Amino acid sequence: MSTETKTLTNADAKIQPKLGVKALVQIGMLSAIAVVLMMFDIPLPFAPTFYKIDLSEVPVLVGCFAMGPMAGVLVELVKILLNLVLTGTQTAGVGEIANFIIGCSFCVPAGLIYRTRKSALIGMVTGTVLMIVIGCFVNAFVLLPTYAAAFGMPIDALVGMGTAVNSHITSLSTFVMFAVAPFNLVKGIVVSLIVFLIYKKISPIFRIR
């Protein structure tokens, strides 16, 4: 087999999910860890209290690196579904779908780019940037309107909650700029740093590809 063929084969293996018994067990385990981590969330001083950071993307990103991006998507999906079963929803599933999209926008690009330690850094930076962009869009046009409707309050009331903690927040656009974007930036940095520090130590447990 030529070097070029081997390279293509490895690239295909990275993109295609390997859903053997071991992979399914590991996806289930990572999903369960992610659900537990969702329970421990921390508010940030520059955003309203309903924006809380958690580390549930750490197992998702580990799954992307260890088994490929499609495995990470499955971890994210199972995490969202399990959390939905455990806690219910007030947004008819819209919030959960939006969170799934935002989570995948971070982890999938990182998993696609990952080959070496250096490319892992590039992938996580790329994923963080995409999560910020997509997170701002989804929050402005999907999540915030959905939560406003679910809790029977106008968007201006949510903006006011942002103004209470950050005087720069005076409108929906500034809410996104000064609360949502920094929130996703902090989350991307924290999750990336943790995975960067622990992945090589735990990767033998998850090594499939």
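Along every chain, residues carry numbers that run from 1 in the direction the sequence is written. Whole-chain, interface and lining totals are the exception, using all residues; otherwise, since this is a predicted model, local features are given only for residues with pLDDT of at least 70 and side-chain atom pairs are given and counted only at 80 or more. Side-chain figures throughout are based on the complete set of non-hydrogen atoms in the structure, without hydrogens or water.

Draft legend 1. Up close: the pattern of salt bridges. Think of a salt bridge as a Lys or Arg side-chain nitrogen and an Asp or Glu carboxyl oxygen that are within 4 Å of each other. All told, the structure shown has three salt bridges when counted by the stated rule. Here K187 ties to E57 by a salt bridge, and the two come within 3.9 Å at their closest N and O atoms. With K187 in helix α8 (residues 172-206) and E57 in helix α3 (residues 57-67), this residue pair connects regions lying 130 residues apart in the sequence. Ionic pairing is found between K79 and E76, a salt bridge with its closest N-O pair at 2.9 Å. Taken together, the positions of K79 and E76, both in helix α4 (residues 69-87) and three residues apart, correspond to about one turn of that helix. Secondary structure elements are defined from DSSP: runs of H or I of at least 4 residues count as helices, runs of E of at least 2 residues count as strands, and each element is numbered from the N terminus.

Draft legend 2. The packing of aromatic side chains, seen in detail. Ring pairs shown here join Phe, Tyr and Trp side chains whose ring centres sit within 6.5 Å, with only the six-membered ring taken for Trp; geometry is labelled stacked below 30 degrees between planes, edge-to-face above 60, and tilted in between. By the definition in use, this model includes nine aromatic pairs. An angle of 50 degrees between the planes, with centres 5.8 Å apart, marks the rings of Y51 and F175 as tilted. You can see Y51 sitting in the loop between β1 (42-43) and β2 (52-53) and its partner F175 sitting in helix α8, a full 124 residues away along the chain. The same class applies to Y51 and to F175, which are both buried. Between Y114 and Y199, the aromatic rings sit 5.9 Å apart at their centres with planes inclined by 85 degrees, giving edge-to-face as the arrangement. Taken together, the residues Y114 in the loop between α5 (94-113) and α6 (117-150) and Y199 in helix α8 connect sequence positions 85 residues apart. Per-residue accessibility, obtained with a 1.4 Å probe over protein chains only, is compared with the maximum for each type, and a residue is labelled buried under 20%, exposed over 50%, and partly exposed between these values.

Draft legend 3. How the structure looks around the nonpolar core. The biggest cluster of nonpolar side chains holds 28 residues, and the ones touching the most others in it are L61, V62, F65, M67, V195 and Y199. Going through the elements one at a time, α2 (21-38), α3, α4, α5, α6 and α8 are the ones with two or more residues in this core. The element that contributes the greatest number of residues to this core is α3, accounting for eight residues. Nine residue types can take part in a nonpolar core, namely buried Ala, Val, Leu, Ile, Met, Phe, Trp, Tyr and Cys, and a core is a set of them joined through side-chain atoms within 4.5 Å. Grouped together as the second largest cluster of nonpolar side chains are 17 residues, A47, Y51, L158 and V180 included.

Draft legend 4. Looking closely at α4. The span expected for a helix works out to 1.5 Å for each residue beyond the first. Between its first and last C-alpha, α4 extends 27 Å over 19 residues, near the 27 Å set by a 1.5 Å rise per residue. Buried residues of α4: P69, A71, G72, V73, V75, E76, K79, I80 and N83, and no others. Positive phi shows up at G88, right after α4, with a value of about 75 degrees.

Draft legend 5. Region of interest: the side chain of T174. Within the secondary structure, T174 is located in helix α8. We classify T174 as buried; its relative accessible area is 14%. Residue contacts are counted whenever heavy atoms from the two residues lie within 4.5 Å of one another. Discounting chain neighbours no more than four positions away, the residues touching T174 are H168, I169 and A179.

Draft legend 6. Highlighting a nonpolar patch on the surface. In this scheme, patches are assembled from residues that exceed 30% relative accessible area and form no salt bridge. Like charges are connected within 9 Å, while nonpolar side chains (Val, Leu, Ile, Met, Phe, Trp, Tyr) are connected within 5 Å. Residue exposure ignores everything except the shown protein chains as possible cover, and the areas themselves are Shrake-Rupley values with a 1.4 Å probe. Residues V36, M39, F40 and L86 make up a contiguous nonpolar surface patch of roughly 450 Å² in combined accessible area. For L86, a relative accessible area of 57% translates into the label exposed.

Draft legend 7. Geometry of helix α7 (residues 155-165). Listed as buried for α7 are L158, V159 and G162. For α7, the angular spread of the buried residues around the axis is 100 degrees, confining them to a single face. Every exposed residue of α7 that faces more than 90 degrees away from the buried side is listed here: D156 and A164. Directions drawn from the helix axis to the C-beta atoms are what define this arc.

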